[in-house]
Amino acid sequence: ALEIARDLGMEAVEAPISIDEVTAGIKNGTITDAIACGTAAVVIGIKRFVFDDGSSLDLPGAVPAAATTKLYNALIDIQYGRAADRHGWVREVCRVETSAAR
């Protein structure tokens, strides 16, 4: 996600961030979008953080936000061969040959 974000011209930084910083950022408006990513989820927007004490904090705006959608589409396009794999991530695992005559 970080590499794709950079490819798309987004500022992407990998750094530790405490939950207190996240909470403060959501409350003061400096954090407006959050994502989770993984093999099955690809890239998915986060709408709400729920804490151990039962409280919760919603991010503003629509989910997925525009940046999340942009990242998701770029990654899916690479996976499905609609966009170039500039990073060498895609590997062919097997090729299934089919025959019209059996």
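Structure first, text after, so check above.
Just so you know, these numbers come straight off a predicted model, no measurement behind them.

1. Concerning the nonpolar core
- Grouped together as the largest cluster of nonpolar side chains are ten residues: I4, A5, A12, V42, V43, L71, A74, L75, I76 and I78.
- Elements represented by at least two residues in this core include exactly α1 (2-7), β2 (42-45) and α3 (66-79).
- Ranked by residue count, the leading element in this core is α3, at five residues.
- In this structure I76 touches V42 and R82, once residues within four positions along its chain are discounted.

2. Considerations on α3
- The end-to-end C-alpha separation of α3 is 20 Å, in line with the 20 Å expected for 14 residues at 1.5 Å each.
- Buried within α3 we find T68, L71, A74, L75, I76 and I78.
- Considering only its buried residues, α3 is in contact with α1, β1 (35-38) and β2.
- At the exit of α3 stands G81, carrying a positive phi of roughly 75°.

Here is what the cut-offs are and how they apply
- Residues numbered from 1 in each chain as written.
- Predicted model: local features only at pLDDT ≥ 70, side-chain atom pairs only at ≥ 80, totals over all residues.
- Heavy atoms only, no water.
- Core = buried A, V, L, I, M, F, W, Y, C linked by side-chain atoms within 4.5 Å.
- Buried < 20%, exposed > 50% of the residue type's maximum accessible area, 1.4 Å probe, protein only.
- Helix = DSSP H or I, 4+ residues; strand = E, 2+ residues; numbered from the N terminus.
- Contact = heavy atoms within 4.5 Å.
- Expected span 1.5 Å × (residues − 1).

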